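# Observations on chain architecture
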Amino acid sequence: MSDFLIYTIDDDVDFNMVLKAALKPYNIQVKTHLTPGEFTKSVKEKLPNLCILDLNLQNDGEGFQLLRAMRNVIGDQLPIFIMSKRGSKDDVFKAMDSGATDFIPKPLDDKYLLLKLKEYVRDSKELDELDHDYIYVAESDKAATIDVDFKVINVGIDIMEVESDVFLAKESTMSFGGEIIKNIFGQTPLNFKVIENWQVDDRLFRAKIERELSAEQLFALRRWLINGADK
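Just so it is clear, the structure is predicted and the values come from calculations on it, not from any experiment.

## Remarks on the side chain of His33
For His33, the position within the fold is in strand β2 (residues 29–33). In this structure His33 comes out as buried when scored by relative accessible area, which is 3%.

Quick look at the structure:
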């Protein structure tokens, strides 16, 4: 086990579980926290190698306050990543101005996070072998475009169930591209809303995504179900 230690704070229990599972295969120790009190106590007991802070804690602005407090006490040597759905330019600028080392957008793209961690984790062979060609683009605080391999498990009239090694946060709006979307609808990308998600195992996630289809898109979907789903 690597002695590289990461502390995280996020008041979402499910997200903490997913984040910890995402880092487990890469020889990294992770300690998650739900509250600033728990997090601060851990920092006082033992300083980690890196921290990941969520901006959207229960009290608005608490993430920024915690970040600034850590910089005032610890200084600027400890890498601190901010992770948040609040991906507007103003939020990113404010986080970096408050002392963040880097900004990781939500929904979590674990490969993007791991590529960022490569700069700091020096003794993980698994991280060294990561591909640099993986792309994640956060377009705004309301939608994101992902370039990721995913498998369509089930298709309904307006709901698709997909499987991937990327966690898609519930209630997020994602813009899906790729061949499967193009094959079904004849165009890409298309926006879908994540209405349900769950974890299959340590490295695999499923989600149900939906969108309101136009008559033309609905016809294309039905045609694909009849003629192209098994190809």
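## A word on the pattern of salt bridges
This model, assessed by the stated rule, comprises three salt bridges. Note that Arg206 is salt-bridged to Glu163, the shortest N-O span being 2.6 Å. Here Arg206 is found in strand β12 (residues 204–210), whereas its partner Glu163 is found in strand β9 (residues 159–164), with 43 residues between them in sequence. On the basis of relative accessible area, Arg206 is assigned to the partly exposed category, the value being 26%. For Glu163, a relative accessible area of 13% gives the class buried. The partner of Lys208 in a salt bridge is Glu196, with the nearest N and O atoms 3.9 Å apart. A residue pair is termed long-range when its members are at least 10 positions apart, and Lys208 in strand β12 and Glu196 in strand β11 (residues 190–201) qualify at 12 residues. On the accessibility criterion, Lys208 (27% relative accessible area) is partly exposed. Look at Glu196 and you get partly exposed, because its relative accessible area is 36%. A cluster of three or more residues bridged by salt bridges with shared partners is formed by Glu161, Glu163 and Arg206.

## Points about the packing of helix α2 (residues 36–45) against helix α3 (residues 62–74)
Following both chains from N to C, one finds α2 and α3 inclined at 15 degrees, their axes separated by 12 Å at the closest point. As far as their axial angle goes, α3 and α2 are roughly parallel. The element α2 and its partner α3 pack so that their crossing is right-handed. Of the residues in α3, those touching α2 at Pro36, Phe39, Thr40 and Val43 are Glu62, Leu66, Met70 and Ile74. Its residues placed into classes, the contact of α2 with α3 shows six nonpolar, one polar and one charged.

## Observations concerning the packing of helix α1 (residues 13–23) against helix α5 (residues 110–117)
In contact at an axis separation of 10 Å, α1 and α5 are set at 60 degrees when each is read in the N-to-C sense. The angle between the axes of α1 and α5 places the two elements in the oblique class. For α1 against α5, the interelement crossing comes out right-handed. Between α1 and α5, the contacting residues are Leu19, Ala22 and Leu23 on the first element and Asp110, Leu113, Leu114 and Leu117 on the second. For the contact of α1 with α5, the class distribution of residues is six nonpolar, no polar and one charged.

## Section: the environment of Asp91
By the element assignment, Asp91 lies in helix α4 (residues 89–97). Judged by its relative accessible area of 12%, Asp91 falls in the buried class.

What counts, and where the lines are drawn
- Residues numbered from 1 in each chain as written.
- Predicted model: local features only at pLDDT ≥ 70, side-chain atom pairs only at ≥ 80, totals over all residues.
- Heavy atoms only, no water.
- Helix = DSSP H or I, 4+ residues; strand = E, 2+ residues; numbered from the N terminus.
- Buried < 20%, exposed > 50% of the residue type's maximum accessible area, 1.4 Å probe, protein only.
- Salt bridge = Lys/Arg side-chain N within 4 Å of Asp/Glu carboxyl O.
- Axes fitted to C-alpha atoms, helices over the stretch in contact; angles between N-to-C directions.
- Parallel < 35°, antiparallel > 145°, perpendicular 65-115°, else oblique.
- Left-handed = near helix turned anticlockwise from the far one by under 90°.
- Contact = heavy atoms within 4.5 Å.
- Nonpolar A, V, L, I, M, F, W, Y, C, P; charged D, E, K, R; others polar.

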